[in-house]
Amino acid sequence: MGQEEFRVDLRNPTPEDVASTVRSAQLIFRINNTMPFTSEHDALIKELFGDRMGEGAIFTAPFNLVAPEMMTLGKNVYIGGNFLGMCRGGIDIEDDVMIAANVSVLSNNHDLYDRAVLTCKPVKICKGAWIGAGAIILAGVRIGRYAVVGAGSVVTKDVGDYEVAVGNPARIIKTLDKARFEE
């Protein structure tokens, strides 16, 4: 993606950082323990994401997010259960993306030598992409328009528009016919 890495030192959080972390963790717990497809559930999701979640997006519980304020969801996004989002580096999911169950999107990691420091790079999942069950998307990766990531794949590098990536580490096995997608 060409995005610059940035670092976050976890040793000295501000009172605002602590309050935000506690608020998010408690809100996510409430969402994960509230009957889905109810007005109460919808209100809690709205409270968590505010205007960072597009119309028609569905986020299936249970899920876990760290720094959810750094995550945006486009219109008509579907995210299956057991999603893990490490969002400190930023996670941007565009319109019409489908993410199956048990997917992890990790926009941050720990420094190899100073584990109290997070190394962060944004993840972008572009319009119409499909992420298969159990896939792992690592920091700094861009998943292109209408790209497919196979189930169980570990994505360490960008996947281009219309490309299909599978395996660990994921590799491109084919390119889809662009003409078959309605734009």
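Scroll up a little and you will see the structure.
On a predicted model such as this, the values are computed, not experimentally measured, just so you know.

Thoughts on the pattern of salt bridges
Thought 1: Tallied over the entire structure, the rule returns eight salt bridges.
Thought 2: Note that Arg11 and Asp114 form a salt bridge whose closest N and O atoms lie 2.9 Å from each other. Taken together, the residues Arg11 in the loop between strand E1 (6–9) and helix H1 (15–32) and Asp114 in the loop between strand E10 (108–110) and strand E11 (117–120) connect sequence positions 103 residues apart.
Thought 3: Since its relative accessible area comes to 45%, Arg11 is described here as partly exposed.

What to know about the environment of Arg30
Thought 1: Inspection of the secondary structure assignment puts Arg30 in helix H1.
Thought 2: What makes Arg30 partly exposed here is its relative accessible area of 43%.
Thought 3: As a C-alpha pair, Arg30 and Trp130 span 100 residues in sequence and 28 Å in three-dimensional space.

Considering the sheet that holds strand E18 (residues 163–167)
Thought 1: Spatially, seven strands are ordered E2-E5-E8-E13-E16-E18-E19 in an open sheet, and the strand pairing comes out mixed. At either end of the open sheet lies a strand with only one pairing partner, and these are strand E2 (58–59) and strand E19 (170–175).
Thought 2: When E18 meets E19, the two strands line up antiparallel, connected through five bridges. Bridge assignment links Glu163 to a residue of E19, and that residue is Thr175.

What to know about the nonpolar core
Thought 1: With 38 residues, the main nonpolar core has Phe59, Leu65, Met71, Phe83, Ile93, Ile125 and Ile143 as its most contacted residues.
Thought 2: At the level of elements, H1, helix H2 (39–49), strand E3 (63–66), strand E4 (71–73), strand E7 (91–93) and strand E12 (123–125) are the ones that each hand at least two residues to this core.
Thought 3: For this core, the element with the highest residue contribution is H2, accounting for four residues.

Some thoughts on the sheet that holds E1
Strands in a sheet are paired, the pairing made by backbone hydrogen bonds, and the direction either parallel or antiparallel.
Thought 1: Pairing within the open sheet is antiparallel, and its three strands lie in the order E1-E11-E10. For this open sheet the edge positions go to E1 and E10, each flanked by a neighbour on one side alone. Across the sheet, the axes of successive neighbouring strands diverge by a mean angle of 30°, strand direction being ignored.

As for the side chain of Asn108
Thought 1: Along the chain, the position of Asn108 falls in strand E10.
Thought 2: Owing to a relative accessible area of 11%, Asn108 belongs among the buried residues under this scheme.
Thought 3: Here Arg88 takes part through its backbone nitrogen, which lies 3.2 Å from a polar atom of the side chain of Asn108.
Thought 4: Those residues within four positions of Asn108 in sequence are excluded, and the remaining contacts are Met86, Cys87, Arg88, Gly89, Leu118, Thr119, Cys120 and Ala139.

Let's talk about the pairing of E3
Thought 1: By the alternation rule, side chains of E3 split into Phe63 and Leu65, which are all buried, and Asn64 and Val66, of which none is buried.
Thought 2: Pairing between E3 and strand E6 (residues 83–86): four bridges, direction parallel. Paired with Leu65 across the strands is Gly85, a residue of E6.

Overview of unusual backbone geometry
Thought 1: Look at the link from Ala61 to Pro62: it is a cis peptide, with omega at 0°.
Thought 2: Cis peptide bonds are those with omega within 30 degrees of zero, and the linkage from Asn168 to Pro169 qualifies with -5°.
Thought 3: Residue Phe37 is not a glycine yet carries a positive backbone phi of 60°.
Thought 4: Judged by its relative accessible area of 71%, Phe37 falls in the exposed class.

Section: the pairing of E18
Thought 1: Across two bridges, the pairing between strand E16 (residues 148–149) and E18 is parallel. Looking across to E18, one finds that Val148 is bridged to Val164.

Cut-offs applied
- Residues numbered from 1 in each chain as written.
- Predicted model: local features only at pLDDT ≥ 70, side-chain atom pairs only at ≥ 80, totals over all residues.
- Heavy atoms only, no water.
- Salt bridge = Lys/Arg side-chain N within 4 Å of Asp/Glu carboxyl O.
- Helix = DSSP H or I, 4+ residues; strand = E, 2+ residues; numbered from the N terminus.
- Buried < 20%, exposed > 50% of the residue type's maximum accessible area, 1.4 Å probe, protein only.
- Pairing = 2+ DSSP bridges.
- Core = buried A, V, L, I, M, F, W, Y, C linked by side-chain atoms within 4.5 Å.
- Axes fitted to C-alpha atoms, helices over the stretch in contact; angles between N-to-C directions.
- Polar contact = N/O pair within 3.5 Å; in protein donor to acceptor, adjacent residues only side chain to side chain.
- Contact = heavy atoms within 4.5 Å.

Remember, this is a structural readout, not a statement about activity or role.
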